[in-house]
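Observations on chain architecture
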Amino acid sequence: MAISSISIFCQRSSVHLTLNNVLRGGIRCFSIAAAKQQHNPNSVSRKLHQQPNKKLLRAKHTFKDYSSLAPVLSPNDKPPLSDTQAIGTVASAQANFMRVVVQSEHSSGSFEEGSDDSSRIGVELLCVVKAVLKKIKRRVLVGDTVLVGSIDWVDRRGMIENVFQRSSEILDPPVANVDHLLVLFSLDQPKVEPFTLTRFLVEAESTGIPLTLALNKVELVDEETIVLWQSKLRSWGYKPVFCSVESKVGLDSLAFILRDQTTVIVGPSGVGKSSLINALRNSQLASNATDDNWFDTILGSKWLEDQRVGEVSTRSGRGKHTTRNVSLLPLAGGGYLADTPGFNQPSLLKVTKQSLAQTFPEVRKLLNANEPAKCSFNDCLHLGEPGCVVKGDWERYPFYFQLLDEIRIREEFQLRTFGTKKEGDVRYKVGDKGVQQAEPRLELKKHRRQSRKRINQSFLDELDELDEDDEDGENLLDLENHSVN
Ligand SMILES: Nc1nc2c(ncn2[C@@H]2O[C@H](COP(=O)(O)OP(=O)(O)OP(=O)(O)O)[C@@H](O)[C@H]2O)c(=O)[nH]1
Ligand SMILES: [Zn+2]
């Protein structure tokens, strides 16, 4: 009973999330466009009629000019650093503030981590983002490698001046340069449920980032259950790590896999993600405290505290650890671990009907095999078409079928509601004397009132932001106290 309710809950809320995300994004666009039109109903149309493309060209030109002010740094760039500059990793973000851990700085003169006592490697800086980056819409994400300038080493403040090119980027939560995903489930309390697990695996596979599957709470089940899951998952194409935070089984293997990488942990509620993060970090702190000054420099920071559980916003009553507050927890062996509040319901937004099959390793193997095993059709959905190499005789076929249906419904909904992306925002009308006139395409649903739910939603968002501002205030005070000591 418990298992089936988990599965239904996941399915429903993810569909809900999917539609909700689409609607939220859409409504925002609509209201901006509508507001612009209200401001001056005729001028846009008149200007476009006179010189249809000039406005667009000018916008493009302006953007280009701005971006040349801060060209993206390539990962191999080693810009010369002054004493008030450093290169670091964004470890957390709240409202307008970002915490950056210094990776390399002026005195070391290179990217190698300094070994002298005065090294500032590992120092935590509270940073704001330079206005020009915002102007050219260059978003700075947690996980980004950034160039920090105007550093005040005493107060530990700085300004993010530029961002290095990302090797990867995930959306939910938004984290840059993720090297590895750890999909964590538990064998019991809550029991691993095949469809929910598949959903998480499909979402993880769709990022293209290497993943490790781990099953926790191994001490709660008998040998037979372990063997059963092992062979099941092998047939799905995975070699899981069986572990237990409680009895410390498998933690060394996980620590070894995580070393030197930026890993995001994903998995449903209650499987032991926070417990695992705490266990891995505590054991690493204990074994490295004496021979590495990496942590000494940021002792006292919130990052060193154990993962908080169940914290709720005092104003809105919602969970505080939303996707906006994801943070990277530094590991002694190099690399970071990210908690994933809000990653509980994989939205599958990046998965399309065509790409779904590739997110199942057991099908991927068939599809990528050399001729003649290859599927005969490029656009085959592998639903038993004659000549299709993917037969329906694999264990997860019913899950594939179910997810395909869900994605099909979402894609049709998007198409029906918003049209294709190629649709221009200008349309041409044949006016007086057969002259073609350009006018802005009227936005769909323009005349609809904003829903009460949406209004409540933005109200709650604003309350959360107030909470965040409070925290920023506290953070600043923390830092000020720090510098006095
Ligand atoms: N028996 C057993 N219990 C464990 C193990 N690991 C974690 N737990 C317990 O499982 C419960 C949930 O652990 P959390 O670490 O909060 O799980 P989580 O995945 O972070 O959950 P959310 O924060 O809701 O996403 C806690 O009561 C832990 O003590 C384990 O290996 N064995
Ligand atoms: Zn096929």
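Quantities reported herein were computed from a predicted structural model and do not represent experimental measurements.

Across its full length, the protein carries eleven helices and 15 strands. Counting the 485 residues in the protein, one finds 43% classified as buried. Counting contacts in the protein only where the partners sit at least 6 residues apart, residues at least 24 apart contribute 71% of the total. Working note: accessible area of the protein is about 26,700 Å², and carbon and sulfur atoms make up 53% of it.

Further remarks concern the packing of aromatic side chains. This structure, assessed with the given rule, holds eight aromatic pairs. Geometrically, the ring pair formed by Trp394 and Tyr400 is tilted, given 5.7 Å between the ring centres and 50° between the ring planes. Exposure remark for Trp394: the relative accessible area of 13% places this residue in the buried category. Among the residues examined, Tyr400 registers a relative accessible area of 1% and is labelled buried. Three or more aromatic residues joined by ring pairs form one cluster here, namely Phe360, Trp394, Tyr397, Tyr400 and Phe401. Lying over the aromatic face of Trp229, Lys232 brings its terminal NZ or CZ to 5.6 Å of the ring centre. For Arg259, the ring lying beneath its charged end belongs to Phe256, and the centroid distance is 3.9 Å.

This paragraph deals with the pattern of salt bridges. Under the criterion given, the structure shown has 13 salt bridges. When salt bridges with common partners are traced through the structure, they connect Asp83, Glu105 and Arg120 into a single cluster.

Residues in contact with ligand 1 amount to 15 residues; listed here are only the nearest, Glu219, Ser269, Gly270, Lys273 and Ser275. Gly272 is positioned with one of its backbone polar atoms (N or O) 3.0 Å from an oxygen atom of ligand 1. With respect to ligand 1, the side chain of Ser275 contributes an N or O atom lying 2.5 Å from an oxygen atom. If ligand 1 stood free it would expose 650 Å²; the protein chains cover 69% of that surface. Of the residues that constitute the shell around ligand 1, the class distribution is four nonpolar, seven polar and four charged.

The next subject is the nonpolar core. Counting 52 residues, the largest nonpolar core has Val140, Ile160, Val183, Leu187 and Leu197 as the members making the most contacts within it. For this core, the two domains that each supply at least three residues are domain 1 (71-105 + 121-165) and domain 2 (175-285 + 320-339). With near-sequence residues (within four places) excluded, Leu187 lies in contact with Val192, Leu215, Asn216, Lys217, Val218, Val221, Ile226, Trp229 and Phe242. In this structure, Val363, Cys380, Tyr397 and Leu404 belong to the second largest nonpolar core, which totals 22 residues.

Basis of the calculations
- The residue count restarts for each chain, going from 1 along the sequence in the order it is written.
- Labels are handed out in written order, letters beginning with A for the chains and numbers beginning with 1 for the ligands.
- Where local features are concerned, this predicted model is filtered to residues with pLDDT of at least 70; where side-chain atom pairs are given and counted, the filter is 80 or more; whole-chain, interface and lining totals use all residues.
- Side-chain numbers come from the whole structure's heavy atoms, not from hydrogens or water.
- Secondary structure elements are defined from DSSP: runs of H or I of at least 4 residues count as helices, runs of E of at least 2 residues count as strands, and each element is numbered from the N terminus.
- Only protein chains enter the accessibility calculation, which uses a 1.4 Å probe; a residue whose area is less than 20% of its type maximum is buried, one above 50% is exposed, and one in between is partly exposed.
- Two residues qualify as a contact provided that any one of their heavy atoms is within 4.5 Å of a heavy atom in the partner residue.
- Only the protein chains shown count as cover for residues, and the accessible areas themselves come from Shrake-Rupley with a 1.4 Å probe.
- In summary, the pairing rule links any two rings of Phe, Tyr or Trp, Trp by its six-membered ring, whose centres are within 6.5 Å, and it sorts them by plane angle into stacked for under 30 degrees, edge-to-face for over 60 and tilted for everything else.
- Definition used: whenever NZ (Lys) or CZ (Arg) falls within 6 Å of the ring centre and also within 35 degrees of the ring normal, the charge is taken to sit over that ring.
- Only one rule defines a salt bridge in this text: a Lys or Arg side-chain nitrogen within 4 Å of an Asp or Glu carboxyl oxygen.
- The criterion for a residue being near a molecule or strand is simple. One of its heavy atoms has to lie within 4 Å of it.
- Two N or O atoms count as a polar contact when they lie within 3.5 Å, although within protein this holds only if one can serve as hydrogen donor and the other as acceptor, and sequence-adjacent residues are included solely when both atoms are side-chain atoms.
- When residues are grouped by polarity, Ala, Val, Leu, Ile, Met, Phe, Trp, Tyr, Cys and Pro land in nonpolar, Asp, Glu, Lys and Arg in charged, and all others, Gly among them, in polar.
- We call a set of buried Ala, Val, Leu, Ile, Met, Phe, Trp, Tyr and Cys residues a nonpolar core when their side-chain atoms join them within 4.5 Å.
- Just so you know, the domain bounds were taken from an automatic or database domain assignment.

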